[in-house]
Amino acid sequence: MHVTAVEAGQLPLELLPDAHIVLDGEGVLLAANQAFDRRLLAEPRAMRLMASVLSSPLDVAADLDGRRRVFSAMWSHCLYHGTPARLVRVADVTDERLHGDLLERHAHDVEEVLDALPASLLLVDSEGVIRSGNARWHVSVLANAHTLAGAGVGTSYLELSRRGNWFREPDAHAIANGLQSVLQRRAMAFELEYHAPDESGDRWYHLSINALSGQTGAVIQHIETTETHRQQDERFDAMAHFKAVFDGALDAIVIYDDDLRVLRANAVVGSFLATRPSPPPDFTLLDLVVPEDHELLMRQHAELLRSGTGRGVVRLRRHDGTVVEVEYASRANVVPGRHVAVARDMTAARELEAQLRQSQKMEALGQLTGGIAHDFNNLLTIVLAHADLLLSGDGLSFEAREGLAEILRASQRGADMVRKLMAFGRREQLRVEPTLLEPVVQDVSGILRRVLPETIVVQCLTHGDVPLAFADGSAVQQILLNLATNARDAMRDRGGELRIVLHAEAGPARTPDSQSRASSAQRHVVVSVSDSGCGMSPETLARIFEPFFTTKRLGEGTGLGMSMVYGLMEQMGGRVSVESQPEQGTTIHLHFPAVADARLTPSSLPSIASQVGRGDERILLVEDDDAIRAMSARVLRRAGYAVTEAASGDAACAFLREQRDKGHPPVDLVVSDVVMPHGDGFRVLEATRQYAAASRIVWVTGYAGGGYADGDVHAPCDAPLIQKPWTTSELLARIRAVLDGPPNVPPDNSRQHDHHRAG
């Protein structure tokens with residue numbers, strides 16, 4: 001060890017430029033030059049530290065005059081006047097240390113900031129080797145060890161980017177080329193949006209590579225953008241849904257500003273104008289509305305801005321000149337200064353309202369005519385029966401017989417008119433069953449060829465295989481004869497052709513007319529009756545089914561023909577549609593529901609015996625009309641039957657119960673009206689089943705409507721029904737036929753119909 005001798009003349013301390021002192025082992029100052037700051041002597045701890053610490057150099061801190069100072073002490077052994085001591089160089093390094101601390105603190109702060117960034121940052125050198133990375137990068141390496149193994153400091157990022165399990169092949173190739181371009185200064189930056197595989201699905205990242213400005217190398221930044229992509233996808237889906245709803249809406253939708261300027265409109269708005277698929281640019285709501293409604297629209301718009309919501313009706317004029325009535329609802333400021341209106345073309349709705357009013361009018365008229373016809377039937381029944389009885393007597397003069405015969409003919413004409421009224425009112429009893437319409441149509445066409453003028457050519461055609469249809473054959477004949485009569489009148493002046501075409505048609509019934517509703521059946525048998533006559537105007541066509549409406553001259557028509565057609569078709573579950581134009585003839589389509597079950601076959605109505613039936617059986621006659629009950633009883637008694645009369649269903653029930661309680665045999669036949677006060681036909685059926693189950697039953701009614709299975713009104717059970725007005729021969733023949741047949745009172749578990757009033 002070299003020992004410096006600090007003695008006079010050997011190493012003068014004053015000659016040293018820096019502060020130097022000599023300390024003994026206890027920290028006592030032995031010597032010092034003028035550069036030494038003697039204020040340190042007030043810090044004995046610092047003096048002892050410089051005298052005893054083995055390390056050199058060392059920093060010693062001291063408070064001098066209230067300020068913290070830092071001194072760097074570097075010592076070496078020496079002899080002071082032959083005594084071992086320390087020669088210490090003392091330098092004030094307070095400013096240097098402060099600057100170093102600031103630099104260190106700044107570096108630490110920068111590191112904290114980089115670690116707190118929501119991105120993974122890497123620093124690579126000119127070869128692409130990772131030199132450092134922030135905390136998020138290190139966390140990513142640890143969390144994804146299976147894909148980022150060996151991705152720490154010292155790893156080549158170029159090699160890392162080429163791994164197929166981290167980047168997909170196209171992305172990896174692009175990233176490697178981009179990094180090389182930046183490192184070689186061919187580009188200062190490179191960016192790429194990529195997605196990486198993950199257990200929960202693909203995750204999206206934004207990669208940016210930026211060249212360092214002061215040295216070679218680059219900074220690589222990864223920012224996860226999965227949530228941003230998810231939000232973008234949601235916004236895209238929301239916009240797609242909005243566009244689908246906006247453009248696919250059946251109503252017109254308009255977005256407009258305070259000045260009524262249209263900002264966006266869907267395709268329906270263009271269809272209102274009927275000029276182009278979409279409205280022209282730079283147009284206002286006033287351009288859509290007819291000038292007469294401009295002031296109304298402005299008032300409604302002012303009310304919208306005041307209250308926030310609005311409704312109204314305005315008219316639009318199409319390109320072809322037609323005016324469309326539009327009802328709209330609007331809401332203000334869905335976005336500040338932006339308003340939305342939803343408009344609907346009310347043309348179809350107004351037509352439906354007109355159809356509903358027409359249907360209600362037809363229904364009301366049907367109920368009225370049905371009620372009148374019911375009462376008229378009762379009167380005609382009395383007239384016909386009395387005329388029959390008088391004619392069956394002896395000793396009448398020729399004039400009396402002719403008078404009675406004329407009464408019968410007039411009554412029959414009245415009954416025919418009643419049937420038309422009841423057909424319109426859906427009150428005439430029909431037997432709707434599987435029917436082959438081709439022979440019915442052929443029979444009618446044969447009759448027409450004989451009765452129509454020679455100037456009218458009748459053609460009857462059948463196209464393809466025609467299935468069975470649900471219909472009443474007699475009603476179909478009546479309808480065709482009525483239509484042929486109308487066609488004859490339409491071709492009265494110049495003749496023409498009457499064509500009847502029969503064919504099958506799939507799908508719901510075509511009903512372009514406003515009166516007839518569409519049939520729900522999916523297959524129909526269609527009978528089309530066409531003439532080449534004068535045709536009808538739209539105004540006449542709109543009223544064609546109205547009762548008592550006719551275009552014929554006074555005395556030539558009652559106006560009930562087409563009403564009858566309408567009523568009969570409705571009862572049979574069918575529909576009727578009409579096509580006609582002035583001077584181009586008329587075609588009427590009758591749509592009958594086709595029979596879907598191939599096992600069903602046509603059947604005929606029970607025939608009525610041609611001979612008047614007589615007998616001695618016991619009959620219970622139930623009828624609430626006193627005159628009809630007396631007349632019916634008189635006819636039956638003259639035919640030999642024992643008749644008991646009952647004025648109501650309750651009275652009939654009491655009689656049947658009394659007969660049972662007294663041990664008398666039950667009656668052979670119950671002849672009952674369908675609807676009566678104080679117990680109707682259902683009450684009679686219940687009592688007959690309970691007290692005379694082995695008997696027989698016949699229904700008599702002024703109207704019963706529908707069939708046994710379908711329709712608005714039904715008989716209490718599936719038993720023979722006699723329609724008023726009847727003749728004595730019809731009444732007696734039907735009763736005789738029932739008495740000669742088996743008992744027909746249904747058991748308790750038989751199919752029952754809903755209880756509807758028949759009137």
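Values in this document were obtained by computation on a predicted structure and should not be read as measured data. (Residues numbered from 1 in each chain as written. Predicted model: local features only at pLDDT ≥ 70, side-chain atom pairs only at ≥ 80, totals over all residues. Heavy atoms only, no water.)

A.B. asks: What exactly am I supposed to notice about the overall build of the protein here?
C.D. replies: What the protein contains, in helices and strands, is 19 helices and 28 strands. Across the 759 residues of the protein, 45% fall into the buried class. In the protein, 60% of the contacts between residues at least 6 apart in sequence involve partners at least 24 apart. Summed over all atoms, the accessible surface of the protein reaches about 39,300 Å², with 54% contributed by carbon and sulfur. (Helix = DSSP H or I, 4+ residues; strand = E, 2+ residues; numbered from the N terminus. Buried < 20%, exposed > 50% of the residue type's maximum accessible area, 1.4 Å probe, protein only. Contact = heavy atoms within 4.5 Å. Areas by Shrake-Rupley, 256 points an atom, 1.4 Å probe, with all protein chains shown as cover.)

A.B. asks: Can you help me understand the environment of Phe-545 in this one?
C.D. replies: Following the sequence through the fold, Phe-545 ends up in the loop between α14 (538-542) and α15 (561-571). Sequence separation between Phe-545 and Gly-561 is 16 residues, and the spatial gap between their C-alpha atoms is 8.5 Å.

A.B. asks: Before we go on, may I ask you to explain the pairing of strand β26 (residues 669-673) in this structure?
C.D. replies: For a regular strand, side-chain orientation follows a simple rule: the groups alternate between the two sheet faces. Across the five residues of β26, five count as buried, placing the element largely inside the fold. In β26, alternate side chains face the same way, and those of Leu-669, Val-671 and Asp-673 on one face and Val-670 and Ser-672 on the other are all buried. For strand β24 (residues 618-622) and β26, the ladder comprises four bridges, and the chain directions are parallel. Note on β26: the bridge partner recorded for Leu-620 is Val-670. Pairing geometry for β26 and strand β27 (residues 696-701), over five bridges, is parallel. Bridging across to β27, Ser-672 finds its partner in Trp-699. In this fold, β26 hands off to helix α18 (residues 681-691), which returns the chain to β27; that crossover is right-handed. (Pairing = 2+ DSSP bridges. Right-handed = clockwise from strand over helix to strand, strands pointing away.)

A.B. asks: Explain the pairing of strand β16 (residues 338-345) here, please?
C.D. replies: Where strand β12 (residues 252-256) and β16 come together, five bridges link them in antiparallel fashion. Paired with Tyr-256 across the strands is His-339, a residue of β16. Here seven bridges tie strand β15 (residues 323-335) to β16, and the two strands are oriented antiparallel to one another. Counterpart to Ser-330 in the pairing with β16 is Ala-341. Connecting the antiparallel pair β15 and β16 is a turn made up of two residues, with Gly-337 showing a positive phi of about 80°.

A.B. asks: Sorry if this is basic, but what is going on with the nonpolar core here?
C.D. replies: A general feature of soluble globular proteins is that nonpolar side chains tend to end up buried together. With 43 residues, the main nonpolar core has Leu-437, Leu-498, Val-527, Val-565, Met-572, Leu-590 and Phe-592 as its most contacted residues. It is helix α13 (residues 473-490) that provides the largest number of residues to this core, a total of seven residues. (Core = buried A, V, L, I, M, F, W, Y, C linked by side-chain atoms within 4.5 Å.)

A.B. asks: I would appreciate a short explanation of the sheet that holds strand β9 (residues 189-196) in the present structure.
C.D. replies: The pairing of strands in a sheet comes from backbone hydrogen bonds and takes either a parallel or an antiparallel form. Taking strand neighbours across the sheet as the criterion, the five strands line up as β8-β7-β11-β10-β9 in an open arrangement whose pairing is antiparallel. Two strands close off the open sheet at either side, each with one partner strand: β8 (130-133) and β9. The sheet shows a mean angle of 20° between the axes of neighbouring strands, taken without regard to direction. Note: strand β10 (residues 203-211) against strand β11 (residues 218-224), seven bridges, orientation antiparallel. In the strand pairing of β11, Ile-209 is matched with Ile-220. Across the sheet, helix α5 (residues 169-183) touches β7 (120-124), β9, β10 and β11, and the angle it forms with β9 is around 160°. (Axes fitted to C-alpha atoms, helices over the stretch in contact; angles between N-to-C directions.)

A.B. asks: Please explain empty space enclosed by the protein as it appears in this structure.
C.D. replies: Which parts of space are left empty comes out when a probe the size of a water molecule is rolled across the atoms. Evaluation of the coordinates by the stated rule reveals two cavities of 30 Å³ or more. In this structure, the largest cavity occupies an estimated 250 Å³ of space. Together, 20 residues line the largest cavity, and Leu-285, Val-314, Tyr-328, Ala-341 and Ala-343 are the ones closest to its centre. Sorting the residues of the lining of the largest cavity by element identifies β12, α7 (267-273), α8 (285-288), α9 (294-307), β14 (309-317), β15 and β16 as the ones contributing at least two each. Among the elements that line the lining of the largest cavity, the one with the most residues is α9, at four residues. Each residue belonging to the lining of the largest cavity can be placed in one class, and the counts come to 17 nonpolar, three polar and no charged. (1 Å grid on protein atoms, 1.4 Å probe; cavity = no way out; pocket = protein on both sides within 12 Å on 5 of 7 lines; lining within 4 Å. Points joined across faces, edges and corners; volume = space filled by probe spheres on them. Nonpolar A, V, L, I, M, F, W, Y, C, P; charged D, E, K, R; others polar.)

A.B. asks: So what exactly am I meant to see when it comes to the confidence of the model for the protein here?
C.D. replies: Residues at a pLDDT of 70 or more form 79% of the protein, whose mean pLDDT is 78. Within the model, pLDDT remains below 50 along residues 750-759, and this stretch shows 34 contacts once partners closer than five positions in the same chain are excluded. (pLDDT = per-residue confidence, 0-100.)

A.B. asks: Which parts of the structure should I look at to understand unusual backbone geometry?
C.D. replies: The residue Leu-260 is not glycine, and still its phi comes out positive at about 65°. Inspection of the secondary structure assignment puts Leu-260 in the loop between β12 and β13 (262-265). Overall, the relative accessible area of 3% leaves Leu-260 in the buried class. Positive phi is not limited to glycine here, since Asn-333 has a value of about 55°. In this structure, Asn-333 sits in strand β15. Overall, Asn-333 belongs to the partly exposed group, its relative accessible area being 43%.

A.B. asks: I'm lost on the pattern of salt bridges in this one. Help?
C.D. replies: Pairing between side chains of opposite charge can happen when the charged atoms of each approach one another. Going through the model one piece at a time under the given rule, you end up with 28 salt bridges. The shortest N-O distance in the salt bridge between Asp-63 and Arg-68 comes to 3.1 Å. The salt bridge involving Arg-683 is made with Asp-650; its shortest N-O contact spans 3.8 Å. In this pair, Arg-683 is assigned in helix α18 and Asp-650 in helix α17 (residues 649-661), connecting sequence segments 33 residues apart. In the salt-bridge network here, residues are joined through shared partners; they are Asp-626, Arg-629, Arg-637 and Glu-645. (Salt bridge = Lys/Arg side-chain N within 4 Å of Asp/Glu carboxyl O.)

A.B. asks: Hey, could you run me through the environment of Ala-341 in this one?
C.D. replies: Looking at where Ala-341 falls in the secondary structure, it is placed in strand β16. Residues within four places of Ala-341 in sequence aside, it is in contact with Ala-252, Ile-253, Val-254, Tyr-256, Ala-329 and Ser-330.

A.B. asks: When you look at the packing of helix α12 (residues 437-451) against α13 in this model, what are you seeing that I'm missing?
C.D. replies: For any two helices packed against each other, one specifies the crossing angle of their axes together with the interaxial distance. Close contact between α12 and α13 brings their axes to 10 Å; oriented N to C, the two are set at 40°. The orientation of α12 relative to α13 falls into the category oblique. The two elements α12 and α13 cross, and the hand of that crossing is right-handed. Touching Leu-437, Val-440, Val-441, Asp-443, Val-444, Ile-447 and Leu-448 of α12 are Gly-473, Val-476, Gln-477, Leu-480, Leu-481 and Ala-484, all from α13. Tallied by class, residues from the contact of α12 with α13 come to ten nonpolar, two polar and one charged. (Parallel < 35°, antiparallel > 145°, perpendicular 65-115°, else oblique. Left-handed = near helix turned anticlockwise from the far one by under 90°.)

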